[in-house]
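# Coordinate analysis (summary)
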Amino acid sequence: MRSAYLETLSELAAKDKNVLAMISDNGAIVYDDYRARFPNQYINAGISEANMVGMAAGLARRGKIPFAYTIGAFLAYRAYEFIMNDVCLQNQNVKLVGIGAGCAYSLLGPSHHTIFDISALRPLPNLTVFSPASPMEVKQVVKAAYSINGPVYIRLGTNREAEIYTKDYPFEVGKAVTVHDGGDLTIISTGSIVSDALEAARQLEADGIRARVINIHTIKPFDSEAVIEAAKETGRILVVEEHSTDGGLGSIVADALVSCGIPVQFDRVGLTGFVDGYGTHMVLKEKNRIGVMEIQHRAEIMVKGKERIK
């Protein structure tokens, strides 16, 4: 995802001199090519995330389009007041880019895990929130963020995430994408863990269970219509997220269902508390029960009505 982001940002910077790349001293090496090509469109604000956001707001006030990039946990939490008051309250044209969504920085521990950002940032007025699922979708999201005149938060993985699309597709802000069809239940997911949901859906097919998988690439504005339609057609909703279950995608989906009064079987696979352990990204997901096996297991319980013998 990071490579797709930098590639698209470079394309935008080449076309528009108002596009600026901002970092807070992390990721400097991966910006080497961008910095060489656009030295006057690059600012390293140092290890000072809140100041970077404040600077971005000021630059946006003067007509620039800053893309402020840093580790998501440091951006969403450490700079929260600046995001709220300098960017969202003033409705400034700032693009906030958080890298390392979920527990992607699996070896660096809880301080680097970005698992509360959706619940923290989504309530802020004027803020569009994107959570792309794959490198191809990152490119679409960055272009969409550029076209929006206002605050945007982009939630990215790190790098080498699986591609879930085989060809380009019509991307629309606020419109979910069905990436796998099925009528027995619907799996609703966001971010790079969508690829795990797809793998679980393929394995479920071997057990005779047809799972629809919906990718929510835009958290705000949220596509309630896609959720409601899926609930009516399949009667079962399983939310899968690499985020806290408190205030995350599951809470957003549940709100949409309750508001419409739709009777539906509902469950969620997500993180409770802090992420436990260290290891590869895949190991951490399995250890914290948000991996492919857990998704498949919970889907089987919903459809078959009983625990699978392990």
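The structure under discussion appears in the preceding block.
Structure report, in brief. Treat the numbers as computed from the prediction; the structure is a model and nothing was measured. (Residues numbered from 1 in each chain as written. Predicted model: local features only at pLDDT ≥ 70, side-chain atom pairs only at ≥ 80, totals over all residues. Heavy atoms only, no water.)

To continue, consider the sheet that holds strand β6 (residues 152–155). Spatially, β2-β1-β3-β4-β6-β5-β10 is the arrangement adopted by the seven strands of the open sheet, whose pairing is mixed. The sheet is open, and its two borders are formed by β2 (42–44) and β10 (218–220), each paired with just one other strand. Sheet twist, expressed as the average angle between the axes of neighbouring strands with direction ignored, equals 20°. Note: strand β5 (residues 128–130) against β10, two bridges, orientation antiparallel. Directly across from phenylalanine 130, in β10, lies its bridge partner threonine 218. Against the sheet, helix α3 (residues 49–61) contacts β1 (19–23), β2, β3 (65–71) and β4 (95–99), and its axis sits at roughly 170° relative to β3. (Pairing = 2+ DSSP bridges. Helix = DSSP H or I, 4+ residues; strand = E, 2+ residues; numbered from the N terminus. Axes fitted to C-alpha atoms, helices over the stretch in contact; angles between N-to-C directions. Contact = heavy atoms within 4.5 Å.)

With that out of the way, let us pick up the pattern of salt bridges. Inspection of the entire model under this criterion finds 12 salt bridges. For arginine 155, the salt bridge identified is with aspartate 117, shortest N-O distance 2.7 Å. Within this pair, whereas arginine 155 is found in strand β6, its partner aspartate 117 is found in helix α6 (residues 117–121), the two being separated by 38 residues in sequence. Since its relative accessible area comes to 4%, arginine 155 is described here as buried. Look at the salt bridges and you will find they share partners, linking Asp267, Arg289, Glu294 and Arg298 into a network. (Salt bridge = Lys/Arg side-chain N within 4 Å of Asp/Glu carboxyl O. Buried < 20%, exposed > 50% of the residue type's maximum accessible area, 1.4 Å probe, protein only.)

For the rest of this paragraph, the subject is the packing of α3 against helix α5 (residues 80–88). For the pair α3 and α5, the least separation of the axes is 9 Å and the interaxial angle reads 5°. If you check the angle between α3 and α5, you find them roughly parallel. Residues Ala50, Val53, Gly54 and Ala57 of α3 touch α5, and the partners they reach there are Phe82, Ile83, Asp86 and Val87. Partitioned by chemical class, the residues of the contact of α3 with α5 number six nonpolar, one polar and one charged. (Parallel < 35°, antiparallel > 145°, perpendicular 65-115°, else oblique. Nonpolar A, V, L, I, M, F, W, Y, C, P; charged D, E, K, R; others polar.)

Limitation: the analysis is restricted to geometry and does not speak to function.
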